[in-house]
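# Reading the structure
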Amino acid sequence: MSVRRIPKPVLVLAALVAGAVILIVVQLAKGAAGPVSPTLLRPCVPRAAFTGGGLSGVVQRVVLEGLDGAACKLGTTREELVLSLSPSSNSQRLDRKAIEVAIRAGLNEAIDAERRQGNIPAFLVPTLHQLVEKTPFDKLIRGGVALGNLIP
Amino acid sequence: MHAARSSLGVAVVAAVVGIAFADSSIVVLALPQLYGRFDTTITGVSWVLTAYNVAVAVTAIALVLFVHHLRAAVVLASGILLFLGASIACAAAGSLEFLIAARCVQGVGAALLLAGALPVLVALTGSAAAAAGVWTLAGTFGAALGPALGGVLTELFDWRAIFVAQAPVAAAALLAVRAAPEAELAEGWRPKLRQTIPANVCIGLLFGALAGVLFLAVLLVIVVWGYSPIGGAAIVSVIPVATLAARPLERRLEPLYAVCGGALLLALGLVALALLPSSAAVYVVVALLFCGAGLGLSVPFLSRAALDTRSDLPRTGTLTIGVRHLGLVLALGLIAPLLASSVPAAGHRAELRATAVLLDAPISLTTKLPIAYDLVGLFKQAQDGEVPDLAQPFNAHGARNDETLASVRDELVGTIEETITRCFRPAFFLSALLAALAIPVALLFRRRLVA
């Protein structure tokens, strides 16, 4: 009984097809099917705190936790909330008054959380709460670019 | 002496055939420059590309009705003259409307010259089969070479150089036509055209898939990943290289294996382009190699099957020119809206992810805020459809000497590129589907194809 041999050109073609399939498999293994990083986290679920030290670290931690709290109240993500603050953004427009209220509440909760962890001295907390209540967030947001120019 | 003159004539006519096919995609890498020069929309600038292909397809299909009644040398010469004049007009265009109109005329000229070139090549080579081989090779190689050639000319000179460079080749071809012996072909209506339909359907599908390879890959590499036209040209130049490299294998394969295997390789290459895991050029290069090899395996045999070299070369040749460009135009008509519809949502997802990267970046507020404002400013300044240089604000604030800042920069640029790259996925999959559809058509009509 003779076995029919596969012609060499057909074997080369099969090798090429196998090479293309291997390329696809390698790409899938390298994350082509997975989500693009970073994934946007749900704001109502606690996330790892910002790790920076010093005053800048504390301020950023308060702001980020405050944004999370505000986004949770508004039913959106932290990133969507930040983008919706920019007048030029295509992001879904949220009610400005609701944003202001949510941001104030979020920041106050974040200040309290930082105090409980000992990152903010207790005597400063009432002043910071007052600062949050008095800060004209809407005007600050609209004048953001000018403010940014003041920072070296 | 006569043989040398004939060889030179064949080479020049083959060159002008290659250029006419290359023109389908030659301006792809110049589109961003044209977009800036004429202050237009993406749709507006895309007509520089589409107008040519529509003009070739319509003219060629109309020519099928009467091309066999015309003298091939006259058709070729008039085509070259139109093509030459229109190329010069394109190079001198002062407005987008004029450029698009000149591209239409260039397309009409290309259809005439491609139709007339076949019989003239028969006269020059002395064999219909040899002529069909030269014409097919020049066409396949030209179509695959187009973007790379246009990219190099655009970066070295200007987009106008693309059209200026075509003029001497067209002029030389005109001289070759004058010296060519009269083409003697059997003429008159023959019921052979129907025989070529399966091969032409396969060619139309494969050229539709080629639109995905050429236009989507180029757009991705240049516009989204920010490669220069020469860098983009270097990447897409692997297509013609692989097309040529596949020729020896194509000759040794049985036709059905070559067609189905080639279409499968093209489809798999497009699937690989759809599933890019990152914006690393190496994946694109390897995927394009498979696409080029697929074209090199499938198109030559299909082209021979689409040409009736025994009795009806002018009409079958003209029909296949029309079908190729029709495939390109129809695929562009499907791919462009699909891509356009997914870009805005992808752009927003990219903005959200970039915001997440910046918010969580382990850098000081005094660096983070100015970079954020600079990024907002860059997006405001960027024209519609343009991805700004997002690394620039980071570099301006010391990313070159600060590892942490450099890693934030790379993460932000990477997430934006990756998100936009993913939105090309449906369009690449659609192109892969077009290539894959050629396989059942070839299998279904295998007897007629092989006959």
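A quick note: this is a predicted structure, and the numbers were derived from the prediction, not measured.

On to the overall build of chain A. Across its full length, chain A carries seven helices and zero strands. Across the 152 residues of chain A, 24% fall into the buried class. Taking as baseline every contact in chain A between residues at least 6 positions apart, the subset at least 24 positions apart corresponds to 58%.

On to the overall build of chain B. Along chain B, the regular secondary structure elements total 20 helices and zero strands. At 23 Å, chain B has a C-alpha radius of gyration in line with the 22 Å of a compact globule built from 451 residues. If you line up chain B on its principal axes, its C-alpha atoms span 80 × 45 × 35 Å. A burial count over chain B gives 59% of its 451 residues as buried.

Here we take up the environment of Ala372(B). Within the secondary structure layout, Ala372(B) lies in helix H16 (residues 365-381). In sequence terms Ala372(B) and Thr355(B) are 17 residues apart; their C-alpha atoms lie 8.7 Å from each other.

Facing 39 residues of chain A, the contacting portion of chain B comprises 40 residues. Elements supplying a minimum of two residues to the side of chain A that touches chain B: helix H1 (8-32), helix H2 (54-74), helix H3 (78-85) and helix H7 (144-150) of chain A. A per-element tally of the side of chain A that touches chain B places H1(A) first, with 15 residues. Class assignment of the residues belonging to the side of chain A that touches chain B gives a composition of 22 nonpolar, 13 polar and four charged.

For the rest of this paragraph, the subject is helix H11 (residues 238-245) of chain B. Those residues of H11(B) that fall on the buried side of the exposure criterion are Val238(B), Ile239(B), Pro240(B), Ala242(B) and Thr243(B). Where H11(B) is buried, its residues touch helix H6 (128-156), helix H9 (197-224), helix H10 (229-236) and helix H14 (281-306) of chain B.

Averaged over every residue, the pLDDT of chain A is 81; residues scoring 70 or more account for 82%. Mean pLDDT across the elements of chain A bottoms out in H7(A) (43) and peaks in H1(A) (96).

The next point concerns the packing of helix H5 (residues 96-125) of chain B against H6(B). All names here are of chain B. At a closest axis distance of 8 Å, the pairing of H5 and H6 adopts a crossing angle of 125°. Put simply, H5 runs oblique to H6. For H5 against H6, the interelement crossing comes out right-handed. Between H5 and H6, the contacting residues are Ala-117, Leu-118, Leu-121, Val-122 and Thr-125 on the first element and Ala-128, Ala-130, Ala-131, Val-134 and Trp-135 on the second. Taken together, the residues of the contact of H5 with H6 break down into nine nonpolar, one polar and no charged.

Right, let's talk about the domain arrangement of chain B for a bit. Residues and elements named next belong to chain B. Along its sequence, chain B is carved into domain 1 (1-180) and domain 2 (196-451). The interface is formed by 41 residues belonging to domain 1 together with 42 residues belonging to domain 2. At 16 residues, H6 tops the list of elements feeding residues into the side of domain 1 that touches domain 2. Its residues assigned to classes, the side of domain 1 that touches domain 2 comprises 29 nonpolar, 11 polar and one charged.

Residues and elements named next belong to chain B. As for its placement among the helices and strands, Gly-44 is situated in helix H3 (residues 42-63). Residue classification places Gly-44 among the partly exposed residues on the basis of 15 C-beta atoms within 10 Å. Distance in space between the C-alpha atoms of Gly-44 and Phe-83 is 22 Å, their sequence separation being 39 residues.

Here we take up the environment of Cys44(A). The topology assignment puts Cys44(A) in the loop between H1 and H2. Each C-alpha atom, one on Cys44(A) and one on Asn108(A), is 16 Å from the other, the two residues being 64 residues apart in sequence.

Moving on, we get to the packing of helix H4 (residues 96-116) of chain A against helix H5 (residues 125-134) of chain A. Angle between the axes and distance between the axes: these two values describe a pair of packed helices. Residues and elements named next belong to chain A. The geometry of H4 relative to H5 is characterised by a closest axis approach of 9 Å and an angle of 165° between their N-to-C directions. Between H4 and H5, the angle falls in the class roughly antiparallel. Classified by chirality, the crossing of H5 by H4 is right-handed. Where H4 approaches H5, its residues Arg-104, Leu-107, Asn-108, Ile-111 and Arg-115 are matched on the opposing element by Val-125, Leu-128, His-129, Val-132 and Glu-133. Its residues placed into classes, the contact of H4 with H5 shows five nonpolar, two polar and three charged.

On to the nonpolar core, then. Residue and element names in this part refer to chain B. One finds Val-13, Leu-121, Cys-202, Leu-206, Ala-217, Leu-270 and Ala-435 to be the most contacted residues of the largest nonpolar core, which totals 208 residues. Sorting elements by how many residues they give to this core places H9 first, with 21 residues. Apart from the residues within four sequence positions on either side, Ala-435 is in contact with Leu-205, Leu-206, Ala-209, Ala-263, Leu-266, Ala-267 and Leu-270.

Turning our eyes to something else, we now look at the confidence of the model for chain B. All names here are of chain B. Of the residues in chain B, 94% have a pLDDT of 70 or more, and the chain-wide mean is 87. Helix H13 (residues 255-274) holds the highest mean pLDDT among the elements of chain B, 96, whereas helix H20 (residues 446-450) holds the lowest, 76. Model confidence for the complex: the whole-complex pTM is 0.84, and ipTM, which rates the interface, is 0.84.

We now examine H3(A). A large share of H3(A) lies buried, amounting to seven of its eight residues. Among the residues making up H3(A), those that are buried are Arg78(A), Glu79(A), Glu80(A), Leu81(A), Val82(A), Leu83(A) and Ser84(A). Where H3(A) is buried, its residues contact H2 of chain A together with helix H15 (313-360) of chain B.

Rules used throughout
- Residues numbered from 1 in each chain as written.
- Chains lettered and ligands numbered in written order.
- Predicted model: local features only at pLDDT ≥ 70, side-chain atom pairs only at ≥ 80, totals over all residues.
- Helix = DSSP H or I, 4+ residues; strand = E, 2+ residues; numbered from the N terminus.
- Buried ≥ 20, exposed ≤ 12 C-beta atoms within 10 Å, placed from the backbone.
- Contact = placed C-beta atoms within 7 Å.
- Rg over C-alpha atoms; globule rule 2.2 N^0.38 Å.
- Nonpolar A, V, L, I, M, F, W, Y, C, P; charged D, E, K, R; others polar.
- pLDDT = per-residue confidence, 0-100.
- Axes fitted to C-alpha atoms, helices over the stretch in contact; angles between N-to-C directions.
- Parallel < 35°, antiparallel > 145°, perpendicular 65-115°, else oblique.
- Left-handed = near helix turned anticlockwise from the far one by under 90°.
- Domains from an automatic or database assignment.
- Core = buried A, V, L, I, M, F, W, Y, C linked by C-beta atoms within 7 Å.

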